[in-house]
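# Observations on chain architecture
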Amino acid sequence: MSIPGRLHGLRFRRDHRWVPAHASAYLDGDLAEHDRRRVKRHSGECAECRALLSSLRVLIGALRGAGAQAPAQPVAGAVLASIRGRLDEVPRDRP
Amino acid sequence: MTAPAGETTPGEERGEAELVRRAADGDMSAFEELVMRYADPLFASLRRFGLDEAEAQEVAQETFLRAWRALPRFEQRSRFYTWLYRIGFNEAQRRLARRPAAGVTVTAGEDALADVADARPGPAEEAEQEDLRRALARALGQLPPDLRVPVVLRDIEGLSTQEAASLLELGEPAFKSRLHRGRMALRGLLIPWLATTEP
C-alpha cells in the first residue's frame, strides 16, 4: 500500500474511535469548527459512524418531542385544592 | 430556563413578576394563580423524573408548599418557574432515593411518557408515535438514574447544558459525559426501532 493510502487508513481508524465519543457534542453544536469538519469528513466515508449519528439524531428528536407534550389529565385544580387549606399553617421564611 | 413552561412574552413575565411579588408579600390569591399556571408542567416533569401519578401529585403539592414558605426569600434573580422546578426536582430526587433500589425507574418510565396527549396526527403516524413513546419509556426505565436524569433534563425537559449541570451539581464536562453515555445506552436499547425510522 502507498504511503498516502497507509496514512489514510491510520487517520480513518483514529477518527473511527474519536467520532462515536464526540457524537453528542457534534449533534449539540458543542464542537469547534475543525472538530466538526473532522466528524463530517469521517462520517462521509464511514457508514457505521453515519448510522450512529443518524440514529442519535432520531433519538434526540423523539425525546424532545416527548417533552413538548402536555399531560393528558390536568392536575392543577387538584393540587390547588389539596394545598389551599394548608397555606395558613405553613410558617414563612423571613425576607 | 428553556423548560416547557419557560416560554413567556415580556408582558407575561412582568405579570408573573407582579404575581410573585404579591405572593411573597402573603397574597394567597396571587400564589393560587401561580399554582394554577405551573402545577401541570411541574406535574409532567415530575412524572418524567420517574415518579408515578400519585407520587407526582404529592411531590407537586409539597413543592408548592415549600415554595410558599420560601417565597419571601426569593429575589427573582431567575424566573419563578426555574426556581420552582429546582425545588420540585430536589423533592423528586428525595422521593426516588427512598424507594428500594430495584424497580426504582422501570414502572415509572413505562407510562411517564405514554400518559400524555399528542397533536393527533393520522392513524398510522399516531400508532408509530405511540410505539416510539412506549419504547422510549421502557428504555429510559432501564437506564440507571445517573444516566437517565441527564437525558431527561437535557433532551426531554429542554434545559440548557448549564442549567441541567447546575441542577445536578456537576461541572459541564461531567454532565456532557453522562448525557452522552445515557444517549448511547438508550440508543443501544432502541437500535431496532431507530434503524427502521432512520431517514
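### Side note on the overall build of chain B
Regarding its fold elements, chain B presents nine helices and zero strands. Each helix (α) and strand (β) of chain B, taken in turn from the N terminus, gives the series α-α-α-α-α-α-α-α-α. Among the 199 residues that make up chain B, the fraction classed as buried is 39%.

### Brief notes about the overall build of chain A
When its secondary structure is counted, chain A shows five helices and zero strands. Along its sequence from the N terminus, chain A presents helices and strands in the succession α-α-α-α-α. Its C-alpha atoms give chain A a radius of gyration of 25 Å, more than 25% over the compact-globule value 12 Å for 95 residues. The 95 residues of chain A split such that 19% are buried. The contacts of chain A with a sequence gap of at least 6 include a subset with a gap of at least 24, amounting to 53%.

### Describing the environment of Q57 of chain B
With respect to the helices and strands, Q57 of chain B occurs in helix α3 (residues 53-70). Taking the C-alpha atoms as reference points, Q57 of chain B and A44 of chain B, 13 residues apart in sequence, are found 9.8 Å from one another. Beyond its immediate chain neighbours, meaning those up to four positions away, Q57 of chain B contacts V75, A78 and V79 of chain A together with F43 of chain B.

### Some points on the interface of chain B and chain A
On the side of chain A, 34 residues touch chain B, which itself brings 43 residues to the contact. Listed by contribution, the elements that provide at least two residues to the side of chain B that touches chain A are α2 (28-48), α3, α6 (123-142), α7 (145-156) and α9 (172-197) of chain B. Looking at which element gives the most residues to the side of chain B that touches chain A, the answer is α9 of chain B, with ten residues. Residue composition of the side of chain B that touches chain A, by class: 25 nonpolar, five polar and 13 charged.

### Examining the nonpolar core
Among the nonpolar cores identified, the biggest contains 61 residues, and L59 of chain A together with A39, L42, F43, L46, A60 and L136 of chain B are the most heavily contacted of them. Among the elements that make up this core, the one with the highest residue count is α2 of chain B (nine residues). Taken domain by domain, this core gets at least three of its residues from each of domain 1 (10-99) and domain 2 (100-199) of chain B. When neighbours within four sequence positions are excluded, A60 of chain B is seen to be in contact with V75 and V79 of chain A together with A39, L42, F43 and L46 of chain B.

### Brief notes about the confidence of the model for chain B
Parts of the prediction with low pLDDT should not have their coordinates interpreted in detail. Residue and element names in this part refer to chain B. Averaged over every residue, the pLDDT of chain B is 82; the share at 70 or more is 77%. Per-residue pLDDT, averaged within each element of chain B, yields its smallest value for helix α5 (residues 106-112) (42) and its largest for α3 (96). Low confidence marks residues 102-110, where pLDDT is under 50. Its contacts with residues over four positions away, or in another chain, come to 23 contacts. In the model, residues 115-120 has pLDDT below 50 throughout and makes twelve contacts with residues more than four positions away in sequence or in other chains. Of the two predicted TM-score estimates for the complex, the pTM is 0.74 and the ipTM is 0.81.

### What to know about unusual backbone geometry
Residues and elements named next belong to chain B. Positioned with a positive phi, Q76 is a non-glycine residue whose angle comes to about 60°. In this fold, Q76 is placed in the loop between α3 and α4 (80-97). Exposure remark for Q76: the 12 C-beta atoms within 10 Å place this residue in the exposed category. For E169, which is not a glycine, the phi torsion comes out positive at approximately 55°. For E169, the position within the fold is in the loop between α8 (161-167) and α9.

### Quick word on the environment of V39 of chain A
Checked against the element boundaries, V39 of chain A lands in helix α3 (residues 33-45). Discounting residues that sit within four places of it in the chain, V39 of chain A has contacts with V19, H22, Y26 and L31 of chain A.

Rules and cut-offs
Residues numbered from 1 in each chain as written. Chains lettered and ligands numbered in written order. Predicted model: local features only at pLDDT ≥ 70, side-chain atom pairs only at ≥ 80, totals over all residues. Helix = DSSP H or I, 4+ residues; strand = E, 2+ residues; numbered from the N terminus. Buried ≥ 20, exposed ≤ 12 C-beta atoms within 10 Å, placed from the backbone. Rg over C-alpha atoms; globule rule 2.2 N^0.38 Å. Contact = placed C-beta atoms within 7 Å. Nonpolar A, V, L, I, M, F, W, Y, C, P; charged D, E, K, R; others polar. Core = buried A, V, L, I, M, F, W, Y, C linked by C-beta atoms within 7 Å. Domains from an automatic or database assignment. pLDDT = per-residue confidence, 0-100.

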